[in-house]
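Residues per chain, in single letters:
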Amino acid sequence: EGVPRLEAILSIPVTVQVVLGETSMPVAKLMKLGRGAVSTLDQKVGAPVSVLCNGRVVARGEVVVVDEENSRYGVSLTEIVGVAVRQDGDAGAA
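Each value, and the rule that gives it
Residues numbered from 1 in each chain as written. Predicted model: local features only at pLDDT ≥ 70, side-chain atom pairs only at ≥ 80, totals over all residues. Heavy atoms only, no water. Helix = DSSP H or I, 4+ residues; strand = E, 2+ residues; numbered from the N terminus. Contact = heavy atoms within 4.5 Å. Areas by Shrake-Rupley, 256 points an atom, 1.4 Å probe, with all protein chains shown as cover. Pairing = 2+ DSSP bridges. Axes fitted to C-alpha atoms, helices over the stretch in contact; angles between N-to-C directions.

Q: Looking at this structure, I do not really get the overall build of the protein chain. What am I missing?
A: A count of helical and extended segments in the protein chain gives three helices and four strands. Put simply, the protein chain runs from its N terminus to its C terminus through helices and strands in the order α-β-α-β-β-β-α. By sequence separation, contacts in the protein chain at least 24 residues apart represent 43% of the contacts at least 6 residues apart. Per element, the accessible surface of the protein chain, about 7800 Å² overall, is 55% carbon and sulfur.

The structure is reproduced here in structure tokens:
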């Protein structure tokens with residue numbers, strides 16, 4: 001009876017996001033963007049990406065090609081972020 005039953009929580013949906021980087025721009029510039037426009041992000045090529053679950057950073061990793069034929073990417077996890085780090089406000093994107 002004292003053992004928690006994990007079955008109850010294992011089916012709860014979680015939103016997972018992979019953040020490559022961020023940028024900031026005025027609304028006027030945003031309104032001028034069109035097909036083919038390129039926005040420079042704050043991350044460098046090869047820098048770790050952040051993996052977020054429900055908006056909180058839980059891991060970092062590297063972008064990998066999973067299926068070249070169908071142009072599909074994935075993330076190879078390189079670091080699991082500890083609870084102490086997450087509680088210190090590291091819930092934003094890297």
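Q: When you look at unusual backbone geometry in this model, what are you seeing that I'm missing?
A: Peptide bonds are trans in most cases, and residues, glycine excluded, mostly fall at negative phi. One non-glycine residue, asparagine 54, lies in the positive phi region at around 50°. Mapped onto the secondary structure, asparagine 54 falls in the loop between strand 2 (49-53) and strand 3 (56-67). One non-glycine residue, serine 71, adopts positive backbone phi at about 50°. One can find serine 71 in the loop between strand 3 and strand 4 (72-80).

Q: Can you walk me through the sheet that holds strand 4 in this structure?
A: In sheet architecture, strand pairing relies on hydrogen bonds along the backbone and comes in two forms, parallel and antiparallel. Pairing within the open sheet is antiparallel, and its four strands lie in the order 1-2-3-4. Only two strands of the sheet have a single neighbouring strand rather than two, namely strand 1 (16-19) and strand 4. When the angles between neighbouring strand axes are averaged without regard to direction, this sheet yields 40°. Of the strand pairs in this sheet, strand 2 and strand 3 are connected by five bridges, and their pairing is antiparallel. Bridge pairing in strand 3 places cysteine 53 opposite arginine 56.

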